[in-house]
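Descriptive structure summary
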Amino acid sequence: MTETASDAIEAPESGDDDLALAPPTGDAVLKLRDFRVTFPTLFGDVKAVRGIDLDVGAGEMLGIVGESGSGKSVTFLGTMGLLPKSARIEGSATVGGLELVGASPKVLNRVRGQRMAMIFQDPLSALNPVHRIGDQIVEMIRSHQDTGKKAAWEKSIELLDIVGIPQPRDRASQYPHEFSGGMRQRVMIAMAIANDPEVLIADEPTTALDVTVQAQILDVLQRVRREMHTAIVLITHDLGVVARVADRVQVMYAGRAAERGDVVPIFDHPSHPYTRGLMSSIPALGRERLSPIPGAPPNMVDPPSGCAFRVRCPFAIDACAEGLPELVPFGDLATACIRAKDLVELESVS
Amino acid sequence: MTELMNPSAVAVEAPPGAAPTGDAEGLSRKSLSPRQMAWRRYRSHGPAMIATVVLVLMVIFVLLAPITARYGVNEAVFKTEGGVSNRYLSPRAEAWFGTDDIGRDLYSRLIYGTRVSLAIGLAAAIIGVVVGTVMGAFAGLRGGWFDDILMRVTDIFLAFPFLVALLVTRNMLGEISWLEPIIGERTSIRFIILLLALFGWMGVARVVRGQVLALKEREFIEASRAMGAGNRRIIIRHLLPNSIGPILVAMTFSVVAAIIAESTLGFFGFGPQPGADTTSLGLLVGTSKENVLTGNWWMVLFPCLTLLLVALTINLVGDGLRDATDPKLQRG
Amino acid sequence: MFRFIVRRLIWAVPTLLIVTFLVYVAIRLGTDPVASYRRSNARASEAKIQQYIEDNGLYEGFGGYVKGYFSWLGSFLSGDWPNSIKGNREVWPNLKDAMANSIRLAGIASVLSIIIGVTFGVFAALKPGSVRDGGVNTTALVMLSIPPFVSAVILQMVFAVYTRQWFPEATWLHFPTSGVYPPGQHGFNLLEMLRYLTLPVIVVAIQTIAVYTRYMRASLLDVLNSDYLRTARAKGVSERTVLVKHAMRNAMLPIVTLAAIDFGALFGGLIITENIFEYPGMGRFFLTAYGNGDFPELMPWMVIVVLAVIIFNLLADLSYAFLDPRIRL
């Protein structure tokens, strides 16, 4: 019960690059403040995202971790304006200072693909099956730059090469179904970086792929981050992925942040019971039993008051039901658990 | 809930985490079975609900024929006497929908006729669905030569213009004298029911086959087999319950198709001639042909409107059923 | 793809043979050609009757059926078609005219229906669940529920009788309700032809518009739920381009296939409409021939209809392969 996460997952390699450890240079490229998303449905208003703050700096890779329904994807779909029209978005989301919440469709269109790009989980369904790969990349280029068709086509071949697709000239004339899963995801990345965006959102990019291919894709993302100084948000429910490539991690639960910090401390000494629960529910060498988190994901129409995790938390007290928990600094982390200090004490006792 | 809310709108808007299960505090949503969800969706389909009500009322009305009809099927409105003819009277107090060529009340005849046609349609559809389901299920499950032949045969039949195939088959069957004791003679009601069923089963068979083909690769079927279930058990316990939706939809549309087919045949004089004591929509609609240019508009309008009403309500019900049981809309 | 076409055409031959044989048997059983001949030509001599049997291959018995089929097949393929039992007319000229008339009717109705149907389907699909979506869907269903002979008869009644009664002055409203041209018309007159086609086209269009509307709506709704639209939006592509270049391009695929198959089916499928409006197309041809038990007219008709279905199904498959790169034959 008191095993640390680093027993379970190989510690991320520190010193891999200097850029990974250094704090974000200058002002954050993507800033969310009290970001909220609400969906009106037959069952009532679903409060999918209930006040998220976060910063991502240039060249930084922020991992967003959470289970299905935590609101992690919806947050970023919302910033990009890709949610259904009925969704209500409040708060602030700025990219390079430009406010996206409430921005006109024209502005959003210009931001999307140029300043902010997104890649999705299933690259097969994310690519139009009847258009050639090259054409799809060309579309990305020509939507934002004044480039001729031929020049754009050449650029797309270049991009395919950058992401590591062999024989890019031939491949550009092929269709999505002729590519393997990993290749398709590389194509998505190529498309996303075509206009050198400031922010790249990767929504579960490796979930649909084989483990071996996962590593390759993560490497591509690393290269993008290093060579183009793009701020990357990596959304995933897979802790292994986060451990491997992220600089900082933000753990989300029920539409709010549970914990935040650099990747090593988060894995080494997580402060929030939810994070700890996640870490200990992973199979690992030497661990004889899995201990899943009891209970079920919350109902987002009517979430539990106060800290939404309290109904599943072994350490919950009455105070946990009052007031929405905010992230407060706690050592080298920021935590939303009001009992973080107590938990540490409990541990050092046993 | 809004009146005309289309279920697909709900599916599109449903975000992740909208309807989870569980019973602890804050986890209050009760989970609904697929059947309950389908019923909910059906209820939210405005036109389908209206149509269902109308259809049920119509069926009841027609079943209570001796009470709701004002005259007997063959009864003249009043006897011709003293120069006052009872033929071709326009709608009036004694005959709400007018009278026909021998003075019978069209309104009453329509009620009896609709009853007969509904029965024909239902019977043909039921037989067609039963046969079609069995054939389709076996074809889908076993594949092989059975499936190939089934597909070929249905392809050929369905390739011909429907009316052509219907007419030719009708005549052909009518000529084969040794079949007569079984299927009845050409102008009997039994014959037409079987004829319509003959065409009906093919559509259902294809639908069921499609369903089976899609389902049989699913893991729960594999698991069943691993537990030793044979074909028959798999069909009955697993495939059919999961295919109820499409089968119901196919059956509903079969009923309409049968009723319209019967009317069409009747229109051209190839329909059932059940004798003097009953009539059918087909027959009534058939008389409209000769009345177009004679100015007896009621003979045309009322049978056509009745047919239209029947077809429309059943179609709407079928549409509602289809939307309610569409597997693509299983979320939310 | 070339190999696919060749393979399909090769398969078409035995299919045609089998189907025409079955049709041969069905028609012989169903209409008793010899008796029909006797009925039509009451004073025909035995020699003539025998000649008729020879020409058409109407031998008795099981072996006779087979032998007769091949005999028929031979004369059919060689172009030496026996004449109709009514007045000993040649079959081909009338059949040819019937085909032309049907193509005109089906063609105009199809083109109109596709344009109107696709438009309304898109209109409805763009706002699913809205009043206009429900309205379009329900209207389409109502239109589908109107059996063709109902609409034909009602239209005929209105335009043959009542427009003349109620609006005797407005001659433009008096649409003709039968035939192709006014009696005594010689030569080609587009306006008149269109006037005579108006009512039949409306009747056909009521059904086909409804079908295309629902098909397009369903297809577009399906596509609108696709992930690649979200990707396109994420690329900053304008909503209009998303709709046309991405959504419609994918949604039109099934429509093209449907159009091909539908047109093939319309070929012999307008029997009711043609009958009511006395329009001399393939449908009417069949009904008359069938009513007379006219074997020499029925068989070529059947062959053409089956051929049309086979060809248009092939075209449908080809078009699908052509438009969808995932399908490579």
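Rules used throughout
- Residues numbered from 1 in each chain as written.
- Chains lettered and ligands numbered in written order.
- Predicted model: local features only at pLDDT ≥ 70, side-chain atom pairs only at ≥ 80, totals over all residues.
- Contact = placed C-beta atoms within 7 Å.
- Helix = DSSP H or I, 4+ residues; strand = E, 2+ residues; numbered from the N terminus.
- Pairing = 2+ DSSP bridges.
- Axes fitted to C-alpha atoms, helices over the stretch in contact; angles between N-to-C directions.
- Nonpolar A, V, L, I, M, F, W, Y, C, P; charged D, E, K, R; others polar.
- pLDDT = per-residue confidence, 0-100.
- Buried ≥ 20, exposed ≤ 12 C-beta atoms within 10 Å, placed from the backbone.

1. Some remarks on the interface of chain C and chain A
The partner chain A presents 23 residues to the 17 residues of chain C that form the contact. Listing elements by their share of the side of chain C that touches chain A, those giving two or more residues are helix H9 (227-234) and helix H10 (239-269) of chain C. Top contributing element to the side of chain C that touches chain A by residue count: H9(C), with six residues.

2. Some remarks on the sheet that holds strand E6 (residues 116-119) of chain A
Either a parallel or an antiparallel arrangement is found when strands of a sheet pair, and the pairing is made through backbone hydrogen bonds. Residue and element names in this part refer to chain A. The mixed open sheet is built from eight strands, whose spatial order is E6-E7-E8-E3-E9-E10-E12-E11. Each edge of the open sheet carries a strand with a single partner, namely E6 and strand E11 (328-330). For this sheet, the mean inter-axis angle between neighbouring strands, taken without regard to orientation, is 20°. Two strands pair when backbone bridges link them, and strand E10 (residues 256-262) and strand E12 (residues 333-335) are joined in this way by three bridges, in the antiparallel orientation. Residue pairing in the sheet places Glu259 in a bridge with Thr335 of E12. The strands that helix H3 (residues 72-80) touches are strand E3 (61-65), E6, strand E7 (199-203), strand E8 (231-236) and strand E9 (248-253); relative to E8, the one it contacts most, it runs at about 140°.

3. Some remarks on the interface of chain B and chain C
Residue-level contacts link 38 residues of chain B with 38 residues of chain C. Looking at the side of chain B that touches chain C, the elements that each hand over two or more residues are helix H1 (7-13), helix H3 (46-63), helix H6 (144-159), helix H7 (162-175), helix H11 (231-267), helix H12 (281-291) and helix H13 (297-325) of chain B. Broken down by element, the side of chain B that touches chain C gets its largest block of residues, 10 residues, from H13(B). Looking at the side of chain B that touches chain C, its residues break down into 26 nonpolar, nine polar and three charged.

4. Some remarks on the confidence of the model for chain B
Caution applies to low-pLDDT regions: their predicted coordinates should not be interpreted in detail. Residue and element names in this part refer to chain B. Counting all residues, the mean pLDDT for chain B is 76, and 83% of those residues have values of 70 or more. Every residue in residues 1-29 scores below 50 in pLDDT, and together they form 82 contacts with partners more than four places removed in sequence or on other chains. Interface scoring of the predicted complex returns ipTM 0.81; its pTM is 0.81.

5. Structural notes on the environment of B:Arg232
The topology assignment puts B:Arg232 in helix H11. Each C-alpha atom, one on B:Arg232 and one on B:Pro303, is 45 Å from the other, the two residues being 71 residues apart in sequence.

6. A short note on helix H10 (residues 219-226) of chain B
For H10(B), the tally of buried residues reaches only zero of eight residues, placing the bulk of the element at the surface. The positive-phi residue at the C-terminal boundary of H10(B) is B:Gly228, with phi of around 95°.

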